[in-house]
Amino acid sequence: MKLSLHRNLADGLQNIEKRPHLAWTLSILWLLFVGWIAFFWHLGSTSLIDETEPLFAEAARQMTVTGDWVTPYFNGVTRFDKPPLVYWLMATSYQTIGVNEWAVRLPSALAAMSVVCLGFYTIWSFGLHTNATKEPSKPGYWWSAAIGAALMALNPETIAWARVGVSDMLLTGCMASALLCFFIGYARSPQSKVQFRWYLAFYVLIAAAILTKGPVGIVLPGLIIISFLFYVGKFKEVWQEMRPLWGSLIICAIALPWFILVTLRNGDAYINSFFGYHNIERFTGVVNNHSAPWYFYFIVVLLGFAPWSIYLPVAIAKVKFWQRSIWQHQARTNQLSLFALFWFLGVFSFFTVAVTKLPSYVLPLMPAGAMLVTLAWSNLPSNLKLQRFFQVSRWLNIVLLVVLAVGFFLLPNLIGIDPAIPNLQQLVKQSGLPVVAGTIWALAGVGGAILLLRRQGRWLLGANLLAFIAFMMFVITPAAFLMDGARQLPLKQLSAIAATSHQPGEELIMIGFKKPSVVFYSHLPVTYIKQTDTGLDYVKKILDARSSPVSVMVLTQPQKLAGLKLSPPSQYVNLGKTGGYQLIRASKWALLNSSMN
């Protein structure tokens, strides 16, 4: 009966591939479902997340206000951290659907969706042979492409950055799509018009990657492709096919004009900030205290690509990259897994060498990891040692699920103190989300163990996928609303009060913390003061109490407000108090007297 079920499933998958209209219809529906769950569901329903997201959002908003689409600004100061493509896309979204969270995050979500769709097409087209052996092709590659697309979308790292309005997912979208376009062109018939069209798309996307994050947009894909081509012994051959002169002209025509304009307008200030600080120093030194040990990205990939990360070692081993002579004689169409390996290791090695380390830096390797795992599952190894390795990985998968379940059950006791959410531990306990999360992964672990004991391990990946979708719907999304209501929503509400209560010329001061989202939501410049005593000193030395208006708005936390030694209602008026924050309007004279007492 089991054999009959498997044959019926295989026959069904073959029938899908034999009926193109059905295959494309199911493909579109599946991709829409996966993309909706991972990227678009409640995308704009929560407030912007401090500290980074509002910096991008406000810089883009300033472009629409000032009409200056060359020099980005935040809070009245130039922002040269990143090139302008992410700002341009956000600003275009503002003009299309309005200034809101949806518009801020839409470029990231669309970039992630583009990679998933192109990855689906690539696996479906070239996922027939997954290692250096000449194994016969097997049915069901539509299903392999569907699983691959799901793994690309449904992993913690990709979901996190696809739902945040920063440049990381846009860079990944441009870079990953460029690498996929390269491979599709590489696998096509040499010298054909279709092949060069894919190479042309590669060049355009590389230019977009440069306009997203600078030199890394061409350096990293270049290192991956060059190392791959030298390995398979086709560098000279492919170099001629790609028409690099045309490619260079295309990249320069798209990417260079903005760099020239911004340099002419800002000179050394831009060059030193962007190329010096945000590129060279980030690679060679520690920037903004973002240092980490050499094994940092092993942990990031293990957790950020969970639960699929547990299969990466066996997927990498299955490629048999040490058999270079065999790979060099393989048809190009059979080299997708090898290319994915060079892609994965290239990104991982590049950022491991870099001194400044952030979890988002290895985001571009997630699509490659998804392809490696998918292709490994599509063609289970015939080698006895690899079969045992694969079986061990499956049981390690169960162990990981159990560890996740235990971790979530214990989560309320592991939560530390957050000044912005004094009752965080109680809030998490009352939500019941740790119990829900622990139950989902516990059931997934038990169900997976039953499948393995019954020798039905081929279904384990699907069981993981169902558990992850449930986790996304019933834990991650409610948790996002919970944290937003406790952390970001109070700032958004007080920012709205500041915007409506603001008097001409009145200054908004933030004392004790720095939350850029207030600038975006209030549409007001904000003066950030780190310490309460420094804030008083600022009032004393800089503000002229005789100027108009005679008051300032102060956004702070209640415990820090006590340090100002003001007495309501004579010395200040409470404009709003919510969450862990309070907005007041205070007389300059009162603040000056407070600073002298």
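Remember, predicted model here, so these are calculated numbers, not experimental data.

What about the pairing of strand E6 (residues 572–578)?
Side-chain direction in a regular strand flips from residue to residue, so the side chains alternate between the two faces of the sheet.
Here comes step 1: As paired strands, E6 and strand E7 (residues 581–587) are joined by 6 bridges and run antiparallel to one another. Counterpart to Gly-576 in the pairing with E7 is Leu-583.
Here comes step 2: Counting the residues in the hairpin turn of E6 and E7 gives 2 residues, including Gly-579, whose phi is positive at 60°.

Side note on the confidence of the model for the chain
Here comes step 1: Overall, the predicted model of the chain reaches an average pLDDT of 86, with 86% of residues at or above 70.
Here comes step 2: Note on residues 130–140: pLDDT is under 50 here. Beyond four places in sequence and across chains, it has 33 contacts.

Some thoughts on helix H11 (residues 235–242)
Along an α-helix, residues three or four apart share an orientation, since each turn contains 3.6 residues.
Here comes step 1: Among the residues of H11, Val-238, Glu-241 and Met-242 are the ones counted as buried. Take H11 and look down its axis: the buried residues cluster within an arc of 95°, on one side only. Facing away from the buried side of H11 by over 90 degrees, the exposed positions are Lys-236 and Gln-240.
Here comes step 2: As for H11, its buried residues are in contact with helix H8 (168–187), helix H9 (193–213), helix H10 (216–232) and helix H12 (244–266).
Here comes step 3: Looking one or two residues beyond H11, the residue adopting positive phi is Arg-243, at roughly 50°.

Points about the pairing of strand E4 (residues 526–529)
Here comes step 1: By the bridge criterion, 4 bridges tie strand E3 (residues 508–511) to E4 in an arrangement that is parallel. Each bridged residue has a counterpart across the sheet, and for Met-510 the counterpart in E4 is Tyr-528.
Here comes step 2: Running through helix H23 (residues 517–522), the crossover from E3 to the neighbouring parallel element E4 is right-handed.

Some words on the side chain of Gln-195
Here comes step 1: As for its placement among the helices and strands, Gln-195 is situated in helix H9.
Here comes step 2: Since its relative accessible area comes to 1%, Gln-195 is described here as buried.
Here comes step 3: For Gln-195, the residues in contact, after removing those within four places along its chain, are Gly-185, Tyr-186, Arg-188, Ser-189, Pro-190, Glu-241 and Arg-332.

Considering the nonpolar core
Here comes step 1: Counting 155 residues, the largest nonpolar core has Phe-39, Leu-154, Phe-182 and Trp-343 as the members making the most contacts within it.
Here comes step 2: Considering each element in turn, this core owes the most residues, 15 residues, to H8.
Here comes step 3: If near-sequence neighbours (up to four positions away) are discounted, Trp-343 is found in contact with Ala-176, Leu-179, Leu-180, Ile-224, Pro-364, Leu-365, Pro-367, Ala-368 and Met-371.
Here comes step 4: Grouped together as the second largest cluster of nonpolar side chains are 16 residues, Phe-74, Ala-498, Val-519 and Tyr-581 included.

A closer look at the packing of helix H17 (residues 336–353) against helix H18 (residues 366–378)
Here comes step 1: Remark: H17 packs on H18, axes separated minimally by 8 Å, with the N-to-C direction vectors making an angle of 145°. Along this stretch, H17 crosses H18, giving a crossing that reads as left-handed. In this structure, H17 uses Leu-336, Ser-337, Ala-340, Leu-341, Trp-343 and Phe-344 to contact H18, whose residues at the interface are Pro-367, Ala-368, Gly-369, Met-371, Leu-372 and Leu-375.
Here comes step 2: For the contact of H17 with H18, the per-class residue count stands at 10 nonpolar, 2 polar and no charged.

Focus on the environment of Ser-393
Here comes step 1: Inspection of the secondary structure puts Ser-393 in helix H19 (residues 384–414).
Here comes step 2: Sequence separation between Ser-393 and Ser-309 is 84 residues, and the spatial gap between their C-alpha atoms is 10.0 Å.

Some details on the packing of aromatic side chains
Here comes step 1: Scanning all chains against the criterion turns up 39 aromatic pairs.
Here comes step 2: Relative to Phe-298, the ring of Trp-294 lies with its centre 6.1 Å away and its plane at 80°, an arrangement referred to as edge-to-face.
Here comes step 3: A relative accessible area of 61% places Trp-294 in the exposed class.
Here comes step 4: Classification of Phe-298 by relative accessible area gives partly exposed; the value is 46%.
Here comes step 5: Consider the rings of Phe-350 and Phe-351, whose centres lie 5.0 Å apart with planes at 85°: the pair is edge-to-face. Phe-351 matches Phe-350 in its accessibility class, with the two residues each being buried.

Here's the deal with a nonpolar patch on the surface
Here comes step 1: Taken together, the side chains of Val-402, Val-406, Phe-409, Leu-410, Leu-411, Leu-414 and Val-435 make up a nonpolar region of the molecular surface, amounting to roughly 610 Å² of accessible area.
Here comes step 2: Here the nonpolar patch gets 6 residues from one element, more than from any other, and that element is H19.
Here comes step 3: With respect to the secondary-structure elements, Leu-410 resides in helix H19.

Concerning the sheet that holds E3
Here comes step 1: Spatially, the 5 strands line up as an open sheet ordered E4-E3-E5-E7-E6, and their pairing is mixed. Only two strands of the sheet have a single neighbouring strand rather than two, namely E4 and E6. Geometrically, the sheet is characterised by an average inter-axis angle of 20° between neighbouring strands, direction not taken into account.
Here comes step 2: Strand direction decides the pairing type here: strand E5 (residues 551–556) and E7, joined by 6 bridges, are antiparallel. Of the residues in E7, the one forming a bridge with Met-553 is Arg-585.

Concerning empty space enclosed by the protein
Here comes step 1: Going through the model one piece at a time under the given rule, you end up with 2 cavities of 30 Å³ or more.
Here comes step 2: In this structure, the largest cavity encloses a volume near 60 Å³.

Notes on the packing of helix H15 (residues 312–319) against H17
Here comes step 1: Taken N-terminus to C-terminus, the directions of H15 and H17 make an angle of 125°; their axes are 9 Å apart at the nearest point. Considering the angle they form, H15 stands oblique to H17. Crossing angle aside, the handedness with which H15 passes H17 is left-handed. Counting all contacts with H15, which are made through Leu-312, Ile-316 and Val-319, the residues of H17 involved are Ser-337, Leu-338, Leu-341 and Phe-344.
Here comes step 2: Counted by class, the contact of H15 with H17 contains 6 nonpolar, 1 polar and no charged residues.

Reading the values: rules and limits
- Residues numbered from 1 in each chain as written.
- Predicted model: local features only at pLDDT ≥ 70, side-chain atom pairs only at ≥ 80, totals over all residues.
- Heavy atoms only, no water.
- Pairing = 2+ DSSP bridges.
- Helix = DSSP H or I, 4+ residues; strand = E, 2+ residues; numbered from the N terminus.
- pLDDT = per-residue confidence, 0-100.
- Contact = heavy atoms within 4.5 Å.
- Buried < 20%, exposed > 50% of the residue type's maximum accessible area, 1.4 Å probe, protein only.
- Arc of directions from axis to C-beta.
- Right-handed = clockwise from strand over helix to strand, strands pointing away.
- Core = buried A, V, L, I, M, F, W, Y, C linked by side-chain atoms within 4.5 Å.
- Axes fitted to C-alpha atoms, helices over the stretch in contact; angles between N-to-C directions.
- Left-handed = near helix turned anticlockwise from the far one by under 90°.
- Nonpolar A, V, L, I, M, F, W, Y, C, P; charged D, E, K, R; others polar.
- Phe/Tyr/Trp six-rings, centres within 6.5 Å; stacked < 30°, edge-to-face > 60°.
- Patch = residues over 30% accessible without salt bridge, like charges linked within 9 Å, V, L, I, M, F, W, Y side chains within 5 Å.
- Areas by Shrake-Rupley, 256 points an atom, 1.4 Å probe, with all protein chains shown as cover.
- Salt bridge = Lys/Arg side-chain N within 4 Å of Asp/Glu carboxyl O.
- 1 Å grid on protein atoms, 1.4 Å probe; cavity = no way out; pocket = protein on both sides within 12 Å on 5 of 7 lines; lining within 4 Å.
- Points joined across faces, edges and corners; volume = space filled by probe spheres on them.
- Parallel < 35°, antiparallel > 145°, perpendicular 65-115°, else oblique.

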